[in-house]
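Working through the structure, step by step
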Amino acid sequence: MPARCDTFFQGDAIHQVMAMLDRQIVRLVSESPSMRAADLAGAVDHIRHTAHEHGLTGLADIAHALTTTMARHDGGVAISPWLDAMRGLLGHGPVNTIAAQSWITALSQRYHA
């Protein structure tokens, strides 16, 4: 019985982390137009690190792809579609690598990653 209780709390904890990451992404959507590219990349990397730390592999993957794309293009990247994809991935659960790879492929083709 205690294992089930532990699982419940672990599930609740991951949902809290996902909600926190969602708030951070929403904040970036609204603040990104006025942010310096380096600050934006740092904020996205912080999301990547947090996602990776909590097993949100797909979100970590797309955040990494975004920071890599920003570095390749000196920050001159359409950020909104990437942030929208990051928010969308949160709806696919903790391990969403297939959805992440689909988004990364689509965004890379569309926005020349």
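Here is a short report on the structure shown in this document. Only a predicted model underlies this, so the values are computations on that prediction, with no experimental measurement involved.

Thresholds applied
- Each chain has its residues counted from 1, following the order in which its sequence is written.
- At least 70 in pLDDT is required for a residue's local features to be given in this predicted model, at least 80 for side-chain atom pairs to be given and counted, and no such filter applies to totals for whole chains, interfaces and linings, which use all residues.
- Derived side-chain values reflect all non-hydrogen atoms in the structure, with water molecules and hydrogen atoms excluded from consideration.
- Numbering of helices and strands runs from the N terminus; a helix is a DSSP stretch of H or I covering at least four residues, while a strand is a stretch of E covering at least two.
- Only protein chains enter the accessibility calculation, which uses a 1.4 Å probe; a residue is then buried when its area is under 20% of its type maximum, exposed when over 50%, and partly exposed in between.
- Here, residues are in contact when the closest pair of their heavy atoms is within 4.5 Å.
- Per-residue accessibility takes into account occlusion by the displayed protein chains alone, with areas from the Shrake-Rupley method and a 1.4 Å probe.
- In plain words, nonpolar cores are sets of buried Ala, Val, Leu, Ile, Met, Phe, Trp, Tyr and Cys residues tied together by side-chain atoms within 4.5 Å.
- Helix span, expected: 1.5 Å multiplied by one less than the number of residues in the helix.
- All axes are obtained by fitting lines to C-alpha atoms, using only the stretch in contact for helices, and the reported angles, taken between N-to-C directions, cover 0 to 180 degrees.
- These descriptions rest on fixed angle ranges, namely under 35 degrees for roughly parallel, over 145 for roughly antiparallel, 65 to 115 for roughly perpendicular, and the rest for oblique.
- Each helix crossing is assigned a hand: it is left-handed if the near helix lies turned anticlockwise from the far helix by less than a right angle, otherwise right-handed if that turn is clockwise.
- All residues other than Ala, Val, Leu, Ile, Met, Phe, Trp, Tyr, Cys, Pro, Asp, Glu, Lys and Arg, Gly among them, are scored as polar; the first ten of these are nonpolar and the last four charged.

**Brief notes about the overall build of the protein chain**
- When helices and strands are tallied, the protein chain shows five helices and zero strands.
- Secondary structure of the protein chain in N-to-C order comes out as α-α-α-α-α.
- Out of the 113 residues belonging to the protein chain, those deemed buried represent 35%.
- Long-range contacts, defined as pairs at least 24 residues apart, comprise 63% of the intrachain contacts of the protein chain with a sequence gap of at least 6.
- Total accessible area on the protein chain is roughly 6,600 Å²; 57% of this is exposed by carbon and sulfur atoms.

**Notes on the nonpolar core**
- Among the nonpolar cores identified, the biggest contains 31 residues, and Leu-21, Leu-56, Leu-59, Ile-62, Leu-66 and Met-86 are the most heavily contacted of them.
- Breaking this core down by element, the ones donating at least two residues are helix H1 (2-31), helix H2 (37-53), helix H3 (57-72), helix H4 (79-90) and helix H5 (97-110).
- For Leu-66, the contacting residues outside a window of four places in its chain are Val-44, Val-77, Ile-79, Trp-82, Leu-83 and Met-86.

**What about H3?**
- For H3, spanning 16 residues, the distance from its first C-alpha to its last is 22 Å, which sits close to the expected 22 Å at 1.5 Å a residue.
- If you check which residues of H3 are buried, you get Gly-58, Leu-59, Ala-60, Ile-62, Ala-63, Ala-65, Leu-66, Thr-67, Thr-69 and Met-70.
- Positive phi shows up at Asp-74, right after H3, with a value of about 50°.

**Topic: the environment of Thr-69**
- Tracing the backbone shows Thr-69 in helix H3.
- Assessed through its relative accessible area of 1%, Thr-69 is described here as buried.
- The spacing of Thr-69 and Ser-108 is 39 residues in sequence and 8.4 Å in space, taken between C-alpha atoms.

**Regarding the environment of Trp-82**
- Turning to its location among the elements, Trp-82 is positioned in helix H4.
- When its relative accessible area of 0% is taken as the criterion, Trp-82 is described as buried.
- Considering only alpha carbons, one finds Trp-82 and Ala-65, 17 residues apart in sequence, at a separation of 9.2 Å.

**Structural notes on the side chain of Thr-50**
- Mapped onto the elements, Thr-50 comes out in helix H2.
- In contact with Thr-50, other than residues within four places in its own chain, are Val-17, Met-20 and Leu-21.

**A closer look at the packing of H3 against H5**
- At a minimum axis separation of 7 Å, H3 and H5 run at an interaxial angle of 20°. As the angle between them shows, H3 and H5 are arranged roughly parallel. Every pair of crossing elements has a handedness; the one defined by H3 and H5 is right-handed. In contact with Thr-57, Gly-58, Asp-61, Ile-62 and Ala-65 of H3, H5 contributes Thr-97, Ala-100, Gln-101, Trp-103, Ile-104 and Leu-107.
- Residues that form the contact of H3 with H5 fall into these classes: six nonpolar, four polar and one charged.

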